[in-house]
Amino acid sequence: MKILGIETSCDETAAAVVEDGTTILSSVVASSADFHIKTGGIIPENAARKQVEYMIPTLLKAMQGFSPKDIDSISVTAGGPGLIGSMLVGVETAKTLSLVWQKPIVPVVHLLAHVYANFIETQNSTVKTNKHNSKLKTNTPHFPAVVLTVAGGHTELILMKGHGDFEIIGSTRDDAAGETFDKCARILGLPYPGGPSIAAEAEKFKLQSSSLKLKMFPRPMINDETLDFSFSGLKTAVLRKTEENKNLDRSWIAAEIQEAIVDVLVEKTLKAAKKFKVKNILVAGGVAANIRLGEIFKSKIETQKLTVNLFVPPPKLCTDNATFIASYAFFNNHPMKLDKIVAIPDHMEAIKIYANNKSK
Ligand code: KG4
Ligand code: ZN
């Protein structure tokens, strides 16, 4: 089954054709991120205008070599998190195609779709098997699984018992992890998007002094009983520290910020895996592209002697693209009538309307 995916939730315009939810036949991503560097972050109106500009060329490129009759179904990001102006461009494009081509359309919640980057086959397999239990070796994730989905617009822990059978077991009470990277980067004078720039800056520090313990900043809620996160205090601590001492080495601060965010993400995810006794951990979202996140996961899994399989998609599939939108639609194939599909930026609201959750 060939599904055309369309993704326009924020500053990426993306289209992809994916076969049976796992094989990428085409994937095109046009990003307006460079444009937003000038403003130090995204101005929604600007992002929406760029979506309009990029949508048709992106679609035509992704459809090269295919005709509409090759496509079985259309999937589109209709649920957030997302910016309403950006989302509308994808949703209305998908609805128009559905009408003209006479194809069913599956509305997709962006937050949940990120998870499906773990189901897409890639040349460099993403599986990292814990050496303590080789029997767990596997190429595709199995359920039940705990998913850490971390991006600019969301930070959630999800317990997945199957496709379309999930429970949100933890979320951020304020800023998302990616948003924290972005805001801290701004404080340090590093370019948008902040995650990759902080990671690159931190790498310089690592090269200089790898033996130093990175404990400058608090790990908010790390020992808290719940599986929730809070990152706004960390951002404030970074602001205070940099105002108090303007001569601190920027790469050191960047390494400290990265370590604090990643430490909390890993600790809470492992806590969830133990609590629900699951053997599969899936990481998803733009922040999953962070190399240090994978390193800390691996080292804590080893030191705690946990028998879990860790899945991290390749960086290209972690950040926004349309392959995981199409993959989600294959594994959760619930088409809806055109007049029922609207852009819903709030992900919790969108989940209620589009997700068809079996556990509810
Ligand atoms: O999934 P995504 O492309 O868009 C949203 O759904 O939000 O994630 C974008 C976020 C940004 O906040 C960006 O700074 C962060 O992911 N990000 C990273 C890395 N690459 C992207 N954060 C940390 N390390 C990275 N390498
Ligand atoms: Zn995303």
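See the structure printed just above.
Keep in mind the model is a prediction, meaning the values are calculated, not measured.

As for the site of ligand 1
Turning to step 1, where the next piece is worked out: In the vicinity of ligand 1 there are 21 residues, among which His114, Gly152, Asp182, Gly195 and Asp320 approach most closely.
Turning to step 2, where the next piece is worked out: His110 is positioned with one of its side-chain polar atoms (N or O) 3.1 Å from an oxygen atom of ligand 1.
Turning to step 3, where the next piece is worked out: Contacts to ligand 1 include Gly195, whose backbone N or O atom sits 2.9 Å from an oxygen atom.
Turning to step 4, where the next piece is worked out: Coverage of ligand 1 by the protein amounts to 90% of the 550 Å² it exposes when considered alone.
Turning to step 5, where the next piece is worked out: Elements represented by at least two residues in the shell around ligand 1 include exactly α5 (177-188) and α6 (194-208).
Turning to step 6, where the next piece is worked out: Taken together, the residues of the shell around ligand 1 break down into seven nonpolar, 12 polar and two charged.

A short note on the pairing of strand β4 (residues 73-79)
Turning to step 1, where the next piece is worked out: Most of β4 sits inside the fold, with seven of its seven residues counted as buried.
Turning to step 2, where the next piece is worked out: The sheet contact formed by strand β1 (residues 2-7) and β4 spans four bridges and is parallel. When the bridges of β4 are listed, Ile6 appears paired with Val76.
Turning to step 3, where the next piece is worked out: Note: β4 against strand β5 (residues 105-109), five bridges, orientation parallel. Looking at β5, one finds that Ser75 is bridged to Val106.

A word on the nonpolar core
Turning to step 1, where the next piece is worked out: Judged by nonpolar contacts, the single largest core of 56 residues is most densely connected at Leu4, Ile6 and Leu112.
Turning to step 2, where the next piece is worked out: Considering each element in turn, this core owes the most residues, six residues, to helix α3 (residues 84-101).
Turning to step 3, where the next piece is worked out: With sequence-adjacent residues up to four places away left out, Ile6 is seen in contact with Ala14, Met55, Leu59, Ser75, Val76, Thr77, Gly90, Thr93, Ala94, Leu97, Ala322 and Ile325.
Turning to step 4, where the next piece is worked out: Among the nonpolar cores identified, the runner-up in size contains 51 residues, and Ala202, Leu214, Val238 and Leu270 belong to it.

Notes on the pattern of salt bridges
Turning to step 1, where the next piece is worked out: Under the counting rule described, the total for this entry stands at 17 salt bridges.
Turning to step 2, where the next piece is worked out: The shortest N-O distance in the salt bridge between Arg292 and Glu259 comes to 2.8 Å. Of this pair, Arg292 sits in helix α9 (residues 291-303) while Glu259 sits in helix α8 (residues 250-275), and the two are 33 residues apart along the sequence.
Turning to step 3, where the next piece is worked out: Between Arg292 and Glu295 there is a salt bridge whose closest N-O contact spans 2.7 Å. Of the two residues, Arg292 and Glu295 are both situated in helix α9; the distance of three residues between them amounts to about one turn of the helix.

Regarding the side chain of Asp263
Turning to step 1, where the next piece is worked out: Following the sequence through the fold, Asp263 ends up in helix α8.
Turning to step 2, where the next piece is worked out: Within the local environment of Asp263, its side chain forms a polar contact with the side chain of Lys300, the two groups lying 3.3 Å apart.
Turning to step 3, where the next piece is worked out: Apart from residues no more than four positions distant in its own chain, Asp263 is found in contact with Lys215, Arg219, Ile222, Ile296 and Lys300.

Quick word on the coordination of the zinc ion (ligand 2)
Turning to step 1, where the next piece is worked out: Bound to the zinc ion (ligand 2) on the protein side are His110 (NE2), His114 (NE2) and Asp320 (OD), at distances that span 2.0 to 2.1 Å.
Turning to step 2, where the next piece is worked out: The motif formed by the donor residues of the zinc ion (ligand 2), counted along the single chain, is H-x3-H-x205-D. With respect to burial, His110 and His114 carry one shared label: buried.

Comments concerning the packing of helix α2 (residues 44-62) against α3
Turning to step 1, where the next piece is worked out: In the contact formed by α2 and α3, the axes pass within 8 Å of each other and the chain directions differ by 30 degrees. Relative to α3, the element α2 is oriented roughly parallel. Considering the relative orientation of α2 and α3, their crossing is right-handed. The segment α2 lies against α3, with Ala47, Ala48, Gln51, Val52, Met55 and Leu59 engaging Gly85, Ser86, Val89, Gly90, Thr93 and Leu97.
Turning to step 2, where the next piece is worked out: When the residues that make up the contact of α2 with α3 are grouped by side-chain class, the tally is seven nonpolar, five polar and no charged.

Notes on empty space enclosed by the protein
Turning to step 1, where the next piece is worked out: Per the stated rule, a full pass over the model turns up one cavity of 30 Å³ or more.
Turning to step 2, where the next piece is worked out: Volume-wise, the largest cavity comes out at about 60 Å³.
Turning to step 3, where the next piece is worked out: Around the largest cavity sit Leu112, Val115, Tyr116, Ile158, Met160, Gly164, Phe166, Tyr328 and Asn332, which together line it.

Observations regarding the sheet that holds strand β3 (residues 23-31)
The strands making up a sheet associate through backbone hydrogen bonding, with each pair oriented either parallel or antiparallel.
Turning to step 1, where the next piece is worked out: Read from one edge of the open sheet, five strands run β3-β2-β1-β4-β5, paired in mixed fashion. The sheet is open, and its two edges are formed by β3 and β5, each paired on a single side. On average, adjacent strands in this sheet sit at an angle of 20 degrees to one another, irrespective of strand direction.
Turning to step 2, where the next piece is worked out: In this fold α3 packs onto β1, β4 and β5, with an angle of close to 155 degrees to the strand it touches most, β4.
Turning to step 3, where the next piece is worked out: Across the face of the sheet, helix α11 (residues 323-331) comes into contact with β1, β2 (12-19), β3, β4 and β5 while running at roughly 130 degrees to β1.

Some points on the packing of α8 against α9
Turning to step 1, where the next piece is worked out: Here α8 crosses α9 at 45 degrees, and the two axes come no closer than 9 Å. Classified by the angle between their axes, α8 and α9 sit oblique to one another. When the axes of α8 and α9 are compared, the crossing they make is right-handed. Counting all contacts with α8, which are made through Gln258, Glu259, Val262, Asp263, Leu265, Val266, Glu267, Thr269 and Leu270, the residues of α9 involved are Arg292, Leu293, Ile296, Phe297, Lys300 and Ile301.
Turning to step 2, where the next piece is worked out: Partitioning the contact of α8 with α9 into residue classes produces eight nonpolar, two polar and five charged.

What counts as what
- The residue numbering used here restarts from 1 in each chain and proceeds along that chain's sequence as written.
- Numbering of ligands from 1 and lettering of chains from A proceed in the order in which they are written.
- Where totals are concerned, whole chains, interfaces and linings use all residues; where local detail is concerned, this predicted model gives features only for residues with pLDDT of at least 70, and gives and counts side-chain atom pairs only at 80 or more.
- Water and hydrogen atoms were dropped before computing side-chain values, which therefore reflect all heavy atoms in the structure.
- Nearness of a residue to a molecule or strand requires only that one of the residue's heavy atoms be within 4 Å of it.
- Polar contacts, as counted here, are pairs of nitrogen or oxygen atoms within 3.5 Å of one another; within protein the pair requires one atom able to donate a hydrogen and one able to accept it, and residues that are adjacent in sequence qualify only if both atoms are side-chain atoms.
- Note that accessible areas follow from Shrake-Rupley with a 1.4 Å probe, and for residues the cover is restricted to the protein chains shown.
- Think of it this way: any DSSP run of H or I at least four residues long counts as a helix, any run of E at least two long counts as a strand, and we number them from the N terminus.
- Only Asp, Glu, Lys and Arg are considered charged, only Ala, Val, Leu, Ile, Met, Phe, Trp, Tyr, Cys and Pro nonpolar, and every remaining residue, Gly among them, polar.
- Burial here depends on accessible area, computed with a 1.4 Å probe over protein chains only, as a share of the maximum for the residue type. Under 20% is buried, over 50% is exposed, and the range in between is partly exposed.
- When DSSP finds two or more bridges between a pair of strands, those strands are recorded as paired.
- Only buried residues count toward a nonpolar core. Its members are Ala, Val, Leu, Ile, Met, Phe, Trp, Tyr and Cys residues joined through side-chain atoms within 4.5 Å.
- Contacts: residue pairs with any heavy atoms within 4.5 Å of one another.
- We count a salt bridge whenever a side-chain nitrogen from Lys or Arg sits within 4 Å of a carboxyl oxygen from Asp or Glu.
- A donor here means an N, O or S atom no more than 2.8 Å from the metal, or no more than 3.2 Å when the metal is Na, K or Ca. Since water is not included, a site may seem to lack partners.
- Lines are fitted to the C-alpha atoms to define the axes, a helix being fitted only along its stretch in contact, and any angle between axes, read from their N-to-C directions, falls within 0 to 180 degrees.
- By the definition adopted for this analysis, an angle is roughly parallel if under 35 degrees, roughly antiparallel if over 145, roughly perpendicular if from 65 to 115, and oblique otherwise.
- By convention the crossing between two helices is left-handed if the near helix lies anticlockwise of the far one by an angle smaller than a right angle, and right-handed if it lies clockwise.
- Points on a 1 Å grid, built from protein atoms alone, make a cavity when a 1.4 Å probe fits but cannot get out and make a pocket when they are open with protein on both sides within 12 Å along at least 5 of 7 lines; residues with an atom within 4 Å of a point are the lining residues.
- Grid points are joined across faces, edges and corners, and a volume is the space filled by probe spheres set on the points.

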